[in-house]
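Report on the structure
If you want the building blocks of each chain, they are given just below.
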Amino acid sequence: MARVLYDLCGIDEGLRFSPYCWRVRYALAHKGLDFETRAWHFTDKAALAFADYDKVPVLVDGEATVTDSYAILRYLDDTYPEAPLLGEGVAEARARFFKHYAERALHPAMMRTIVMDLLNAIDPRDRDYFRETREKRFGRTLEEFHSPAKGLAQLDAALEPLRGCLNDADFIDGQSPAAADYLVFGAFMWARVVSTADLVSNADPVYGWIERMLDLHDGLGRQAMRITDIEGAYR
C-alpha cells in the first residue's frame, strides 16, 4: 500500500503551503521514504473522517494513520529508526522547544506580514472559512490584522535566537539537518509559497540557512510551486 500524506492545497492543487505539512515532507525525505500526497482543502473535513481528525497533515502508512506533524515525526523515528529526526531525552526536548518557538514566535509574526497574500493563495471555496476562523482568532478583520511593517519588526526580533544558533553551525541541529530544522523551516516554506515578501536580508545568517534548506533533498523546497508560478492564470 502506498504511503500517503494528506496535504493542504491552495488555488492550484500543486500549491502546497501548510507549514505543518512541509515539516512532514522534509522528514519523509530525510528518511528516504517514498510517499504520495493527496490534495486537501480547509473545508473538506469529510475527507479526513477516517482519521477522526479535521486538519492536516495526516499520514497513512500501510495500516497506520498518524495525525499532527510532531506526532508524525515521532512515528517516523519509531517505525524507521535509521536517520533519526528527534532523538531521545534531551535531544527530543530540544526539538520540542523549536516546535514551540516556530509556532509561538515565528508563525504569528509571519502571519501578520503575509495574511492577505495567504488569503489570495487559498482556494476560493475555502476563503470564507479561513476569514471567519482567523478573524475570530485574531479578534479583528484580516485587513486590520495585516501589518507588514509590524510583522517584519516582530519577526526580526523573534529571529535573534536563531541567528545565534546559526552563527555556530550550518543547521539548527548542527552540521547536518534534523527535526529542529524541519520544524522551523516549515514556516519559511509557508511564506515562500504564498508570498513574495522578503522576510530576511541576504546578509542575515538565517538567509544562508534558508538557502541551504531549500537545496536539501534534491531541492525539495526550491522546486515547490509558488504563487508567482501561477498567479497569472487565476486573475
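No experiment lies behind these values; they were computed from the predicted model shown. (Residues numbered from 1 in each chain as written. Predicted model: local features only at pLDDT ≥ 70, side-chain atom pairs only at ≥ 80, totals over all residues. Heavy atoms only, no water.)

**Looking at the UniProt feature "domain: GST N-terminal" (unreviewed entry) in the protein chain**
- What UniProt calls "domain: GST N-terminal" (unreviewed entry) maps, in this numbering, to residues 8–84.
- Taken end to end, residues 8–84 has its terminal C-alpha atoms 26 Å apart, with 31% of it in helix and 18% in strand. (UniProt positions renumbered as here; feature names shortened; annotations may be inferred. Helix = DSSP H or I, 4+ residues; strand = E, 2+ residues; numbered from the N terminus.)

**Overview of the sheet that holds strand β4 (residues 64–67)**
- What the four strands build is an open sheet, ordered β2-β1-β3-β4; its pairing is mixed. One side of each edge strand has no neighbouring strand; the edge strands of this open sheet are β2 (36–40) and β4. Within the sheet, the average angular offset between the axes of one strand and its neighbour, ignoring direction, is 20°.
- As paired elements, strand β1 (residues 4–8) and β2 share five bridges and run parallel to each other. (Pairing = 2+ DSSP bridges. Axes fitted to C-alpha atoms, helices over the stretch in contact; angles between N-to-C directions.)

**Regarding the environment of Phe171**
- Following the sequence through the fold, Phe171 ends up in the loop between α7 (160–166) and α8 (179–194).
- On the basis of relative accessible area, Phe171 is assigned to the buried category, the value being 9%.
- Spatially, the C-alpha atom of Phe171 lies 20 Å from that of Asp77, the residues being 94 residues apart in sequence.
- When neighbours within four sequence positions are excluded, Phe171 is seen to be in contact with Leu166, Ser176, Pro177, Asp181, Trp209, Arg212, Met213 and Leu216. (Buried < 20%, exposed > 50% of the residue type's maximum accessible area, 1.4 Å probe, protein only. Contact = heavy atoms within 4.5 Å.)

**Some points on the nonpolar core**
- Formed by 82 residues in total, the largest nonpolar core has its most connected members in Val184, Phe188 and Trp209.
- The dominant element in this core, judged by the number of residues it contributes, is helix α3 (residues 90–121), at 14 residues.
- Apart from residues lying up to four places away in sequence, Phe188 is in contact with Leu106, Met110, Leu159, Leu199, Val206, Trp209 and Ile210. (Core = buried A, V, L, I, M, F, W, Y, C linked by side-chain atoms within 4.5 Å.)

**Observations concerning the packing of α8 against helix α9 (residues 205–219)**
- One can describe the packing of α8 onto α9 by two numbers: an axis separation of 11 Å at closest approach and a directional angle of 95°. Looking at the two axes, α8 sits roughly perpendicular to α9. Contact residues: α8 offers Asp181, Tyr182, Val184, Phe185, Phe188, Met189 and Arg192, while α9 offers Val206, Trp209, Ile210, Met213, Leu214, Leu216 and His217.
- Residues belonging to the contact of α8 with α9 are distributed by class as follows: eleven nonpolar, one polar and two charged. (Parallel < 35°, antiparallel > 145°, perpendicular 65-115°, else oblique. Nonpolar A, V, L, I, M, F, W, Y, C, P; charged D, E, K, R; others polar.)

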